[in-house]
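So you can see what is in the structure, the chains are spelled out below.
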Amino acid sequence: MAAIITTNDLKKNYRRIEALRGVSLVVQAGEIYGLLGQNGAGKTTLIKILLGITRGWRGQAELLGHTAGTVAMRRRVGYLPEDHHFPDYHTAFSLLDFYGQLLGLSRAQRRQRIPVELERVGLVPRMHTKIRGYSKGMKQRLGIAQALLHDPDVIFLDEPTDGVDPVGRREIRNILLELKDKGCTLFLNSHLLSEVELICDRVGILQQGRMIREGDIKTLTQQKGRFLIGLAQGQLMPLADLQSRGYRIAPLGERWEVQLEEQQSIDPVVDLLRGLGLSIRHLVEKRQSLEDMFVETVQEGNKGNASLLDLRERGRG
Amino acid sequence: MRNFAILKDSLREALDSTVLYIMLGLSAFVVLLVATVSFENLPAQTTFDKIGDGSIQVFFDVLRPEKADEHAKKRLSQNVQANLLQLDKLRVLSGAADSPDSEYVVTFQMRFSSEEEAAEARSNPADAVALIEKHFKDIVDLGLLKIASIRLATEQPNAEGRRLAFDVHTLPTSGTRRLWCARPSVFFGWLPIGEENWGVPVGFQLYVVTNTVVSIGSWVAILAGVIITSFFIPNMLRKGTVDLLLVKPIHRWALLLYKYVGGLTFVFLNIAFAIFGIWLVLGLRTGVWAHTCLLLIPVLTFFFGIMYSISTLVSVLTRSAVASILISCGAWFGFFLVGTVHRLFQDQIRVEETRNIPMEKRKWTDNPIGNVASALHAVLPRTSDLNHLSSRMLYSDFMTGSLSEANKIDLRPVDWNESMGVSALFVVLMLGLACWRFQAKDF
């Protein structure tokens, strides 16, 4: 798979503020990559650098094999910014026609593609109405349509479901999955972690301009050494036996959570239960939600930063 | 196609603004008001009477200082000699009576200082004919009338020995309509202006009307243009809007320059509508087709282009329409001030030079304020020169008949290459700075 997005030690300062402090990431073709982070973590700055909207960065940033920000590369990129503001003197149709011309689409291509994209986001009935009369959700749908208009190879979406109702969100999610099936690469910034969890292949967590965690969702949400065990109804868990063998076990609803230490395995637990004639009805390695993982990671990051700050303060002292 | 798209987008933005419709409405109102102006041709006798006593020539020489002196002297001599030429009668050789397009034989009586002088002229009229030719020279030179012949009249109605009658055979030209005395009225003749024997040539009246309308109208149009277009670039640079444009495969400088051209096009269309309308209705109503007047369209657009380049730079720096409007208007006033002070000093320096005032006594030459004004004038756009050029164009249409003639009699000769060059360079500098800033700016 070819790398569509590559950054290496990417740094960006806004005067004294360090927005990005050496971010490195690679997004492969056909991936849906989610970038997570608190407000001000540097997510939008990273996207804007890749698209050439923000300049004056250091390090390496490449998009589609070109240095970030080149004009030629922009033909193959779609973008929906956060807090987008469309000129309200346009209608959905005229706006897409205008953007289509800027993208170099011929008149015939525009006539063919605009209704298709507006149909995809459900705006055809209102496509000749001025944008100033649109709801927030409609504007968001229009934003999606304009990002897809020229059939780009890679699409950057900054909070794509912001202001969209649950039904609309599902529709947008389906559109994104459909694009993924077509081989399109998607780069997503979102605070809606449940959405990200549903559609992203990999995520990265930015905190204060640093990439503090990155990986595929399955790995990141996996909780190593934690298992949930359920026995047949009426059977009792042999707590004393397990604890005497050094296993930590605690009830979790109708099931039991076993926490393994380093070098411990779940197999002896299973053997013991079966040896006692107990019927195991449920055995699964426990996972976190993406939200739990995110909050935990960010909190750890904050602690780390606080300790770093402490060390610096002590150093100064 | 991309560039055309940006122009079209600017136009769409302008069309969305109600101010545009107000401007077009105002322009249409002014054009219609001008269309109601009528000029009722006065009898041929009035025009030739005014030519005879020399008062009509004054209107055509209003900007010629040396001619003004000549007219003053002539008026003095007329006081001594009574009237040099006095209209006696006229007859139409061809064409309709009292029409400027007709051919006339006009009989003037010339008064001599003595009977002997008159008797000599009767026997040898060449000197007197030359004197009459000289009297008509300016009018003929400006192409306002042709003189086919001047000869001693066969009938000498006055027995008085000090007067002689001369027949002047006149032929019409395309400019004769401008020379013709006419009585103006507004609202299609409903409201006449001036006396019945209004001795003002229609060309001068048209010049005054159009110069007034264009001066006020262009000021209003450019101010309104500055206000409306000041929103174009800040709107484009709004967070969430600019991002969507910057990710399109188009260079930032091209985006900005075409937005500038879009604003310029909008004002061009507005000015063209008003000027073309005035040109058309005046031509239809008076038969005087003021073609040079159409050159006001690029001149006024260029004037606006200077102001809009400032607005563009301020918009890129501040993203504020209000700041753009205030600074553009401030700059406009500044250019006007510099131009006026510079002109004042230059005129006074010329007077001091003409009067050969010794250097140590000269107040205006080498004056620090004048030097500062000159230095600023050298680098700032010459908007006062553009105003001057506009006025000169109208003058040439309605008075002299051609711009080259008008330039010949210009009181304030301007080096147009330098003036336009400095102004154009200023525009290039403003846009260059704006593009440079826009190119490097983070959004």
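What counts and how
- Residues numbered from 1 in each chain as written.
- Chains lettered and ligands numbered in written order.
- Predicted model: local features only at pLDDT ≥ 70, side-chain atom pairs only at ≥ 80, totals over all residues.
- Heavy atoms only, no water.
- Helix = DSSP H or I, 4+ residues; strand = E, 2+ residues; numbered from the N terminus.
- Buried < 20%, exposed > 50% of the residue type's maximum accessible area, 1.4 Å probe, protein only.
- Contact = heavy atoms within 4.5 Å.
- Areas by Shrake-Rupley, 256 points an atom, 1.4 Å probe, with all protein chains shown as cover.
- Lys, Arg positive; Asp, Glu negative; His and termini not counted.
- Charge placed at Lys NZ, Arg CZ, Asp CG, Glu CD.
- Pairing = 2+ DSSP bridges.
- pLDDT = per-residue confidence, 0-100.
- Patch = residues over 30% accessible without salt bridge, like charges linked within 9 Å, V, L, I, M, F, W, Y side chains within 5 Å.
- Salt bridge = Lys/Arg side-chain N within 4 Å of Asp/Glu carboxyl O.
- Polar contact = N/O pair within 3.5 Å; in protein donor to acceptor, adjacent residues only side chain to side chain.
- Axes fitted to C-alpha atoms, helices over the stretch in contact; angles between N-to-C directions.
- Parallel < 35°, antiparallel > 145°, perpendicular 65-115°, else oblique.
- Nonpolar A, V, L, I, M, F, W, Y, C, P; charged D, E, K, R; others polar.
- Domains from an automatic or database assignment.
- Buried area = accessible area lost by both parts, 1.4 Å probe.
- Phe/Tyr/Trp six-rings, centres within 6.5 Å; stacked < 30°, edge-to-face > 60°.

**Examining the overall build of chain B**
Helix and strand content of chain B: 18 helices and seven strands. Judged by the C-alpha coordinates and their principal axes, chain B covers about 95 × 60 × 35 Å. Classification of the 443 residues of chain B by burial places 51% in the buried group. Long-range pairs, those at least 24 residues apart, make up 74% of the contacts in chain B between residues at least 6 apart in sequence. Looking at chain B as shown, the accessible area adds up to about 20500 Å², and 63% of this sits on carbon and sulfur atoms. Each charge class in chain B was averaged separately, 41 positive and 40 negative side chains, and the resulting centres sit 10 Å apart.

**Describing the pairing of strand β13 (residues 255–259) of chain A**
The two faces of the sheet receive side chains in turn, since in a regular strand these alternate between them. Residue and element names in this part refer to chain A. Note: strand β11 (residues 222–231) against β13, four bridges, orientation antiparallel. Within the sheet, the bridge partner assigned to L228 lies in β13 and is E257. Of the pairings in the sheet, the one linking strand β12 (residues 248–252) to β13 comprises five bridges and is antiparallel in character. In the sheet register, A250 faces β13, and the bridge partner there is E257. Counting the residues between successive antiparallel strands, the hairpin from β12 to β13 contains two residues, one of them, G253, with a positive phi of roughly 70°.

**Thoughts on the confidence of the model for chain A**
When the pLDDT values of chain A are averaged, the result is 88; 95% of them are 70 or greater. By mean pLDDT, the top-scoring element of chain A is helix α3 (residues 92–102) of chain A (96), and the lowest-scoring one is helix α11 (residues 290–316) of chain A (67).

**A short note on a nonpolar patch on the surface**
Residue and element names in this part refer to chain B. Residues L11, L15, Y21, F268 and L269 make up a contiguous nonpolar surface patch of about 440 Å² in total accessible area. Those elements that place two or more of their residues in the nonpolar patch are α1 (2–15) and α12 (252–286). Along the chain, Y21 falls in helix α2 (residues 18–35). Since its relative accessible area comes to 48%, Y21 is described here as partly exposed.

**Quick look at the interface of chain A and chain B**
On the side of chain B, 29 residues touch chain A, which itself brings 33 residues to the contact. Inspection of the chain A/chain B interface yields 20 residue pairs in polar contact (both at pLDDT 80 or more). Breaking the side of chain A that touches chain B down by element, the ones donating at least two residues are β1 (3–14), α1 (43–51), α2 (71–74) and α3 of chain A. The element best represented in the side of chain A that touches chain B is α3(A), accounting for six residues.

**Re the pairing of strand β6 (residues 182–186) of chain B**
Residues and elements named next belong to chain B. By the criterion of burial, β6 is predominantly enclosed, with five of the five residues buried. Judged by which residues are buried, β6 turns out to be covered on both faces: A182, P184 and V186 on one side and R183 and S185 on the other are all buried. Pairing of strand β1 (residues 38–41) with β6 involves four bridges; the strand directions are antiparallel. If you follow E40 over to β6, its bridge partner there is R183. Sheet topology note: the β6/strand β7 (residues 191–192) ladder contains two bridges and is antiparallel. The partner of S185 across the bridge, within β7, is P192.

**Here's the deal with the packing of α2(B) against helix α9 (residues 202–229) of chain B**
Axes are the key here: two packed helices are described by the angle between their axes and the distance separating the axes. All names here are of chain B. Where α2 meets α9, the closest approach of the two axes is 11 Å, and the angle between their N-to-C directions is 170°. Between α2 and α9, the crossing angle belongs to the class labelled roughly antiparallel. Two secondary-structure elements touch here, α2 through V19, L20, M23, V30 and V34 and α9 through V213, A221, A224, G225 and I228. In the contact of α2 with α9, the residues fall into nine nonpolar, one polar and no charged.

**A word on the sheet that holds strand β7 (residues 154–158) of chain A**
Residue and element names in this part refer to chain A. A sheet is described by the order of its strands in space; here six strands give the open sequence β6-β7-β8-β3-β9-β10, paired in mixed fashion. Where the open sheet ends on each side, the last strands, each with one partner, are β6 (77–80) and β10 (210–216). When strand polarity is set aside, the average angle formed by the axes of neighbouring strands in this sheet is 15°. Where strand β3 (residues 32–37) meets strand β8 (residues 185–189), four bridges bridge the pair, whose relative direction is parallel.

**Comments concerning the domain arrangement of chain A**
All names here are of chain A. Segmentation of chain A into domains returns domain 1 (3–219) and domain 2 (223–317). With both sides pooled, the region where domain 1 packs onto domain 2 buries about 1200 Å², and carbon together with sulfur makes up 62% of that total. At the boundary of domain 1 with domain 2, the tally comes to zero salt bridges. At the junction of domain 1 and domain 2, the tally comes to three residue pairs in polar contact (both at pLDDT 80 or more). For the side of domain 1 that touches domain 2, the secondary structure elements donating two or more residues are β3, α7 (193–199), β9 (202–207), β10 and α8 (217–221). Split into classes, the residues belonging to the side of domain 1 that touches domain 2 amount to seven nonpolar, five polar and four charged.

**Comments concerning the sheet that holds β12(A)**
Residues and elements named next belong to chain A. Spatially, the four strands line up as an open sheet ordered β12-β13-β11-β14, and their pairing is antiparallel. The outermost strands of the open sheet, each flanked by one partner alone, are β12 and β14 (280–287). Neighbour-to-neighbour, the strand axes of this sheet turn through a mean angle of 25°, independent of strand direction. Sitting on the sheet, helix α10 (residues 267–275) is in contact with β11 and β14, with an inclination near 165° to β14.

**Quick word on the packing of aromatic side chains**
Inspection of the entire model under this criterion finds 21 aromatic pairs over all chains. Taking the centre distance of 5.3 Å and the plane angle of 40° together, the rings of F156(A) and F187(A) count as tilted. In this pair, F156(A) is assigned in strand β7 and F187(A) in strand β8, connecting sequence segments 31 residues apart. With a relative accessible area of 0%, F156(A) lands in the buried category. Residue classification places F187(A) among the buried residues on the basis of a relative accessible area of 0%. The interplanar angle of 90° and the centroid separation of 5.9 Å between the aromatic rings of F48(B) and W180(B) together place this pair among those described as edge-to-face. In this pair, F48(B) sits in helix α3 (residues 44–52) while W180(B) sits in the loop between α8 (176–179) and β6, placing the two residues 132 residues apart along the sequence. Taking the relative accessible area as the measure of exposure, F48(B) reaches 1% and is therefore buried.

**Here's the deal with the domain arrangement of chain B**
By domain assignment, chain B separates into domain 1 (2–38 + 201–440) and domain 2 (43–180). Inter-centroid distance (C-alpha atoms) of domain 1 of chain B to domain 2 of chain B is 43 Å.

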